[in-house]
Each structure stands twice: as C-alpha cells, then as structure tokens.
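A look at the structure
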Amino acid sequence: MSFAESYVGKLRQKVGNDLLLLPGASCLFVDADGRFLLERRSDFGIWGIPGGNAEPGEDITTLIRREMVEETGVMAETLTPYGFASDPATKTITFPNGHQCQFFVMLFCAEWPVGAVPVASAESLEFGWFTLETLPADCMPATRASIGAYHRFKATGVFQMV
C-alpha cells in the first residue's frame, strides 16, 4: 500500500504537518549469531529497526506481521513482545517532508528464519546485521534505546518501558 493510501496518508491530507500521536510496532530480528537486522530507511537515509503504524481494523500482531513482510519480505514466525517505547525525546520525529509524529511503539523480537534474505522495498534501501557494539553512527534516535531494552529483557525477563 502506498503512503497516500494508508490511514496516516489520508489523515495527513486533512491535518497537514501537525503533530500526530500514532500507535505502531517494530520487530528486532535476531540471527543465530545474536546480530540484529537494521534497515537503511528511504525517508531519512539512516539505519533503523523495521516497523510501522497501525491501519484501521488491525490488531498489533497483524500490524507487525504486515509491516515485516512489507519492509523485509519476511514473515516473523514467533513474535515476542519485549518492551514499549514512547519516550517523547526519541519517539517524536519530524520527517524530511515536515510531517511531525510522536510514536507509541510495541517492541517485538523474532528469530530470523535460517536461509531467508531480506528484500529491499520503497521503505528499505538496504539491510545490515549489527551487534550493539557495531551499530552504525547514523541510526534513528530510538534504535539504541530499543536494542538496549532488548538486552535488558533477555537478561532479566522483565518487559521494558523505554
């Protein structure tokens, strides 16, 4: 679906660049070596965790499964919620086109399917596998916080609020 056809795209036609509060989800894919899949986003040209916003009638699981297929070409088999991100300092974003959003994001993780290859889309220019120590300098503001929350969740089993 194109941005113009999406719920947010239709809403933008009515409200312009005004701040929107948006529910969404992201999925931190982890491979067998413990590395994380990041996408180089087409809107900012920097790295981030694949994710997206809800469409009318979707539950959170449908949302994240749809977004992962759209952005990576891969369906997540087992999704584990590990946190919720809503810190305005990292989740309020002004896009290059002037659109302002504050996101409220359910954080999921999933094992990357063995042998699968991510497929670039209109939203994903390229993909890379990283560890916390090898994250690129040019990441979306919430990327490090989300990956840190994942590590804390794995160490403690406690759902993280970031």
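Scroll up a little and you will see the structure.
Residues numbered from 1 in each chain as written. Predicted model: local features only at pLDDT ≥ 70, side-chain atom pairs only at ≥ 80, totals over all residues. Heavy atoms only, no water.

**A word on the packing of aromatic side chains**
- Using the criterion set out here, one finds 8 aromatic pairs in the structure.
- Where Tyr 82 meets Phe 153, the ring centres are 6.3 Å apart and the plane angle is 45°; that geometry is what we call tilted. Note that Tyr 82 is positioned in strand S5 (residues 80-85) and Phe 153 in helix H4 (residues 143-156), a separation of 71 residues in sequence. In this pair, the class of Tyr 82 matches that of Phe 153, namely buried.
- With 6.3 Å between their ring centres and 80° between their planes, Phe 95 and Phe 103 make a pair best called edge-to-face. Taken individually, Phe 95 and Phe 103 each receive the classification buried, so the pair is uniform in this respect.
- Here the aromatic residues Phe 36, Tyr 82, Tyr 150 and Phe 153 are joined through ring pairs into a cluster of three or more. (Phe/Tyr/Trp six-rings, centres within 6.5 Å; stacked < 30°, edge-to-face > 60°. Helix = DSSP H or I, 4+ residues; strand = E, 2+ residues; numbered from the N terminus. Buried < 20%, exposed > 50% of the residue type's maximum accessible area, 1.4 Å probe, protein only.)

**Regarding the nonpolar core**
- In this structure, Leu 28, Leu 38, Tyr 82, Phe 103, Ile 147 and Tyr 150 are the most contacted members of the largest nonpolar core, which totals 26 residues.
- No other element matches strand S7 (residues 100-111), which puts 5 residues into this core.
- Not counting residues up to four positions away in its chain, the partners in contact with Tyr 150 are Leu 28, Val 30, Phe 36, Tyr 82 and Cys 109.
- Of all hydrophobic cores here, the second largest spans 14 residues; its members include Cys 27, Leu 63, Met 68 and Ala 110. (Core = buried A, V, L, I, M, F, W, Y, C linked by side-chain atoms within 4.5 Å. Contact = heavy atoms within 4.5 Å.)

**Let's talk about helix H2 (residues 60-72)**
- Here H2 contains 13 residues, and its C-alpha end-to-end distance of 18 Å stays within 8% of the 18 Å for a straight helix at 1.5 Å per residue.
- Where H2 is buried, its residues touch strand S1 (20-30), strand S2 (36-41), strand S4 (51-53), S7 and strand S8 (124-130).
- N-cap assignment for H2: the residue whose side-chain oxygen lies 3.0 Å from the backbone N of Thr 61 is Asp 59.
- In the segment just after H2, Gly 73 is the residue with positive phi, at about 80°. (Expected span 1.5 Å × (residues − 1). Polar contact = N/O pair within 3.5 Å; in protein donor to acceptor, adjacent residues only side chain to side chain.)

**Let's talk about the pairing of S1**
- Of all 11 residues in S1, 9 are buried; the element is thus mostly enclosed.
- Inspection of the sheet shows S1 paired to S7 by 11 bridges, in the parallel sense. The residue bridging Phe 29 from the neighbouring strand is Ala 110, located in S7.
- Bridge count between S1 and S4: 3 bridges; the pairing is antiparallel. Along S4, the bridge assignment pairs Ser 26 with Gly 51. (Pairing = 2+ DSSP bridges.)

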